[in-house]
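A closer look at the structure
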Amino acid sequence: MRDFVDGSAFNYEQGQRARKLFAAVVLAALDDAIADDKKYGNGPEQIARWARSRDGREVLSCAGIDPNERVVSGLMEFVSKGIRTSVALSREESERRMAAEEAEAA
C-alpha cells in the first residue's frame, strides 16, 4: 500500500511539473505575441491564431487551461495591453494596479 501512495504522489508531482512547463510555454507565446505587436502591430491576431491551432490548444490543455473562445479573447486582450508577462506577474506591477484601482474607487 505504501508503494502505491508513494507512486501516486510521485506521479502527481511529475504532472504538476509538466503543467508548469506548459504554462511557461504559454507565457513565452504571450511574450512573443507582445513583441510582434510592438514590432509589426499584429500581436493579438498572432496569439489568437496560435491559441486556435492544434498545437496551441494542446499546449493550453496541458497547462491546465481550457482552450475556448473566452480564453482566446482574454489572451488577445492581454497582448493588446502590451505589458510583458514578467512585469505583469511581478509584485510591483500588482501593487501599482491595486493602487490605481483604489484611486479610481475613491
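Calculation criteria
Residues numbered from 1 in each chain as written. Predicted model: local features only at pLDDT ≥ 70, side-chain atom pairs only at ≥ 80, totals over all residues. Heavy atoms only, no water. Helix = DSSP H or I, 4+ residues; strand = E, 2+ residues; numbered from the N terminus. Rg over C-alpha atoms; globule rule 2.2 N^0.38 Å. Buried < 20%, exposed > 50% of the residue type's maximum accessible area, 1.4 Å probe, protein only. Contact = heavy atoms within 4.5 Å. Areas by Shrake-Rupley, 256 points an atom, 1.4 Å probe, with all protein chains shown as cover. Lys, Arg positive; Asp, Glu negative; His and termini not counted. Charge placed at Lys NZ, Arg CZ, Asp CG, Glu CD. Axes fitted to C-alpha atoms, helices over the stretch in contact; angles between N-to-C directions. Parallel < 35°, antiparallel > 145°, perpendicular 65-115°, else oblique. Left-handed = near helix turned anticlockwise from the far one by under 90°. Nonpolar A, V, L, I, M, F, W, Y, C, P; charged D, E, K, R; others polar.

Per an unreviewed UniProt entry, the protein chain is named DUF6280 family protein, and its organism is Thioclava litoralis.

Per the secondary structure count, the protein chain includes 6 helices and 0 strands. Sequence-ordered secondary structure for the protein chain, helices as α and strands as β, is α-α-α-α-α-α. Relative to its length of 106 residues, the protein chain is extended, with a C-alpha radius of gyration of 18 Å against a globular reference of 13 Å. A principal-axis box enclosing the C-alpha atoms of the protein chain has dimensions of 55 × 40 × 20 Å. Counting every position in the protein chain, which comprises 106 residues, the buried fraction comes to 21%. Expressed as a percentage of contacts within the protein chain between residues at least 6 apart in sequence, the contacts between residues at least 24 apart total 59%. Surface exposure of the protein chain reaches about 7800 Å², of which carbon and sulfur atoms provide 54%. Measuring between centres, the 16 positive side-chain charges of the protein chain sit 3 Å from its 19 negative side-chain charges.

Next up on the list: the packing of helix α2 (residues 43-52) against helix α4 (residues 69-81). One can describe the packing of α2 onto α4 by two numbers: an axis separation of 8 Å at closest approach and a directional angle of 150°. When the axis of α2 is compared with that of α4, the two are roughly antiparallel. Handedness of the α2/α4 crossing: right-handed. Along its contact with α2, which presents Gly-43, Pro-44, Ile-47, Ala-48, Ala-51 and Arg-52, the element α4 presents Glu-69, Val-72, Leu-75, Met-76, Val-79 and Ser-80. A per-class count over the contact of α2 with α4 returns 8 nonpolar, 2 polar and 2 charged.

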